[in-house]
Amino acid sequence: MPDDGQSDIYLSSQEMHPVMHGDRLRVRIVRYDKRGRPEGRVLEILERKKRPIIGRLLLESGIWLVAPEDKRMGQDILIPKNGIANATAGQVVAVELTEPPSLYSQPVGRVVEVLGEIDDPGMEIEIAVRKYDVPHRFSAETQAQAAKLPERLRAIDLKQRIDLRDVPLLTIDGEDARDFDDAVYCEPHKQGRGKTAFTGWRLLVAIADVSHYVKPGEPLDLDAYERATSVYFPRRVIPMLPEKLSNGLCSLNPHEDRLSMVCDMLIDAEGETRAYQFYPAVICSHARLTYNEVAAVLANTHGPEAAKRRDLVPHLLHLHEVYRALLDHRKRRGAVDFETTETQIVCDDNGRIEKIVPRTRNEAHRLIEEAMLAANVCAADFIEGGKHHALFRVHEGPTPEKRTALQAYLRALGLGLGLSDDPKPGEYQAIAAATKERPDATQIHSMLLRSMQQAIYTSANAGHFGLAYPAYTHFTSPIRRYPDLLVHRVIKAMLGGKRYQLDATKMQVPMPAKRPGRAKPINPAEASTELERWEVAGAHCSANERRADEASRDVEAWLKCRYMREHLGEEFSGTVSAVTSFGLFVQLDALYVEGLIHITELGGEYHRFDEVRQELRGERTGIRYATGARVRVQVSRVDLDGRKIDFRLIRDGLEQTDARGPARVHRDKTGQAVDSDSAVAALDRVRRQDREAKAGRKRADGSKPAAAGASEHPIKAARTAARKQGGKTAGKSAAQSVAKSAESRSRKRR
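Points about the overall build of the protein
Move 1: Secondary structure assignment for the protein yields 17 helices and 30 strands.
Move 2: When each of the 750 residues of the protein is scored for burial, the buried share is 49%.
Move 3: Taking contacts inside the protein between residues at least 6 apart in sequence as the whole, the part at least 24 apart equals 65%.
Move 4: As displayed, the protein has an accessible area near 38,000 Å², and 48% of this comes from carbon and sulfur atoms.

Structure below.
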């Protein structure tokens, strides 16, 4: 991947032998392939990636070696007998290279850490944090600084803060939440008289004041910047801040005084924010509620949950009222709202999956989400109004290429809805709303999502396409996101009439990757202006956010593979979730696990991939496999190291149709519909016809006669038909022509 963001340069396996994933190289382009893609030759290895490599220690034919967990490494690492430390064969180890690879030799290393057996509880997380280079140990300086922090608030901490300890602020989070970084309160508000009177609500969103404890340039700040985000795994979190802060001083625990930054908003009956202000405060959360508790109270204000929280019910009802107004404003704004199914992995005490369940979002989830969105928008507006540099959360609309591909897909579905040349969020929302009742709605919404660009942190505000905001930033989670901490520092500086200066040149970060459609990224060492420093910080935070997502997905994939090993050979019903040139991805109904039906499992014919329609079509049978199709599969193979699950097709066409008719249509070579219950039955019929044709050829050669009822040889039949239609001369000519055509088709079929 060139630093200047140009096209990737292909290196052959021979060129890759002396290098490994992550090395920095000087490369010369030597040729271009038929599609214009460059191929390179390695001229010089500028820098070797210096970090331990994680893998399994193996003993093969008396030779010790380590097979890396990261398959991008491409080569096994030889380990001398005196370099295995106290590890045994089969264990997961961390290896440090002592000799890099060359053209004629494999890399050599030594074991520097033994992680344990592959089946040890939590091993998948230990592998992931090292595989993706996620910082998981705080420096000694950071630990020492955290240990010196006070256990509770001091009098000096309360200076120049608004005292809101009498306001009944509440935290509303999930049942398994351990840190609480936001609390909310709402009350009706009326201002003025007559036609100019304002009626609405006063909404307070109080966020933990992490910036009071984490100062720029200190060890706590440097470690937090390096991580940029907390990483969430099933049953474990790699926090951005030490536990004393994340679960202690900066967590808005109930009935404990805490420092916070407050966004105080006036919201009218239409859901518009009429006024807002930010200020530092001291608060005391009056209760720690869960989403399920709040949803139960809102569903029945006279029920048992409401009886337990009788004094809080009026406040919850006010929160629900302002939420309904904000939600109405969201709809009028045209924000995109897709209906997607999120899943939650439930593990046992040993960290193994017990079950995978859908994560349902109730009214309480949406209530908190709308309150946080309102605070984030106010923060972005405040910073823009003060003309101060900061990190905005930018989500751009589709690129021209993705927009064209999406338009072609929608036309192929026969939808009457399309996109303009400059699509707006409302157009996406209109398509989502119009298709939400279709059986293939999940796949359509997935295509809509894929057409949009990934959200990033950047100093250049370009708005948030999905939420339909002209300016948006992250203010509400400074415990787990570094950009939020930076936004807090900027707002505090502006409240004090100052400007916050970000010195990113002191932060050692790698060269950020180029983003599609944007200019070449700035080298951190060359970031001289304030704007460039913010851009470097944004690229670093965006990259680490993606790294955290990849590590989390890797762990979930490992757990699902381990879970599915117990179901080998079992059959399940599922839905085709994606179609590729190499097969079908199917999500199982009962287990919410996705696997691949490889194209070789679809029968002995060539399948053509239609990228526009997102389907595979058999050239001989015309059988079509598209997203949304219902299938019955068998779990045939689980590759734990490769994080892959393979299925075998048992039956398809399970009683599901979409708005266009069957999810898959069976057609013969002429395009006519074939009466068939399944693609498997159609394939059996074609194979039977082939066998009958072969039997007919044997009979024509004078060999054993075909079975009774077998069809006549197609070439002989063509000659007979031609003779009947014309005279001897003409018939012979016609027969030759027809026979030649039939023989050609028969040869192709063979």
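Re the sheet that holds strand E26 (residues 624-626)
Move 1: Across the sheet, which stays open at both edges, the 3 strands sit in the order E24-E25-E26 with antiparallel pairing between neighbours. Two strands lie at the open edges of the sheet, namely strand E24 (607-610) and E26, each paired on one side alone. Neighbour to neighbour, the strand axes of the sheet diverge by 20° on average, direction disregarded.
Move 2: Sheet topology note: the strand E25 (residues 615-618)/E26 ladder contains 3 bridges and is antiparallel. Residue pairing across strands places Arg 617 opposite Arg 624, the latter belonging to E26.

Describing the pairing of strand E18 (residues 353-359)
Move 1: Bridging between strand E17 (residues 342-347) and E18 involves 6 bridges; their strand directions are antiparallel. Opposite Ile 345, over in E18, you have Ile 356 as the bridge partner.
Move 2: A loop of 5 residues connects E17 with E18, the two strands running antiparallel in sequence, and Gly 351 in this loop sits at a positive phi of about 80°.

Digging into the environment of Ile 125
Move 1: Turning to its location among the elements, Ile 125 is positioned in helix H2 (residues 123-131).
Move 2: With 109 residues separating them along the chain, Ile 125 and Pro 234 place their C-alpha atoms 9.0 Å apart.

What about the pattern of salt bridges?
Move 1: With the rule as written, the count across this model stands at 47 salt bridges.
Move 2: For Arg 274, the salt bridge identified is with Asp 268, shortest N-O distance 3.6 Å.
Move 3: A relative accessible area of 54% places Arg 274 in the exposed class.
Move 4: A salt bridge links Arg 608 to Glu 619; its shortest N-O distance comes to 2.4 Å. Of this pair, Arg 608 sits in strand E24 while Glu 619 is found in the loop between E25 and E26, placing the two residues 11 residues apart along the sequence.
Move 5: Three or more residues joined by partner-sharing salt bridges are found here, namely Glu 113, Glu 126, Arg 130, Arg 137 and Arg 236.

Here's the deal with the packing of helix H4 (residues 219-227) against helix H13 (residues 482-495)
Move 1: Two elements in contact, H4 and H13, have axes whose closest approach is 9 Å; the angle formed by their N-to-C orientations is 130°. As judged from the angle between their axes, H4 and H13 are oblique. On H13, the residues touching Asp 221, Ala 224 and Tyr 225 of H4 are Tyr 482, Leu 485 and Arg 489.
Move 2: Its residues assigned to classes, the contact of H4 with H13 comprises 4 nonpolar, no polar and 2 charged.

Notes on the side chain of Lys 131
Move 1: You can see Lys 131 is positioned in helix H2.
Move 2: For Lys 131, a relative accessible area of 10% translates into the label buried.
Move 3: Reaching out from Lys 131, the side chain makes a polar contact with the side chain of Asp 554 at a distance of 3.1 Å.
Move 4: Those residues within four positions of Lys 131 in sequence are excluded, and the remaining contacts are Arg 51, Ile 54, Glu 69, Asp 70, Asp 554 and Arg 643.

Here's the deal with the pairing of strand E9 (residues 170-173)
Move 1: Burial along E9 is two-sided: Leu 170 and Ile 172 and Thr 171 and Asp 173, pointing in opposite directions, are all buried.
Move 2: The pairing of E9 with strand E16 (residues 287-290) spans 4 bridges and is classified as parallel. Pairing of Thr 171 across the sheet is with Arg 288, part of E16.

What counts as what
- Residues numbered from 1 in each chain as written.
- Predicted model: local features only at pLDDT ≥ 70, side-chain atom pairs only at ≥ 80, totals over all residues.
- Heavy atoms only, no water.
- Helix = DSSP H or I, 4+ residues; strand = E, 2+ residues; numbered from the N terminus.
- Buried < 20%, exposed > 50% of the residue type's maximum accessible area, 1.4 Å probe, protein only.
- Contact = heavy atoms within 4.5 Å.
- Areas by Shrake-Rupley, 256 points an atom, 1.4 Å probe, with all protein chains shown as cover.
- Pairing = 2+ DSSP bridges.
- Axes fitted to C-alpha atoms, helices over the stretch in contact; angles between N-to-C directions.
- Salt bridge = Lys/Arg side-chain N within 4 Å of Asp/Glu carboxyl O.
- Parallel < 35°, antiparallel > 145°, perpendicular 65-115°, else oblique.
- Nonpolar A, V, L, I, M, F, W, Y, C, P; charged D, E, K, R; others polar.
- Polar contact = N/O pair within 3.5 Å; in protein donor to acceptor, adjacent residues only side chain to side chain.

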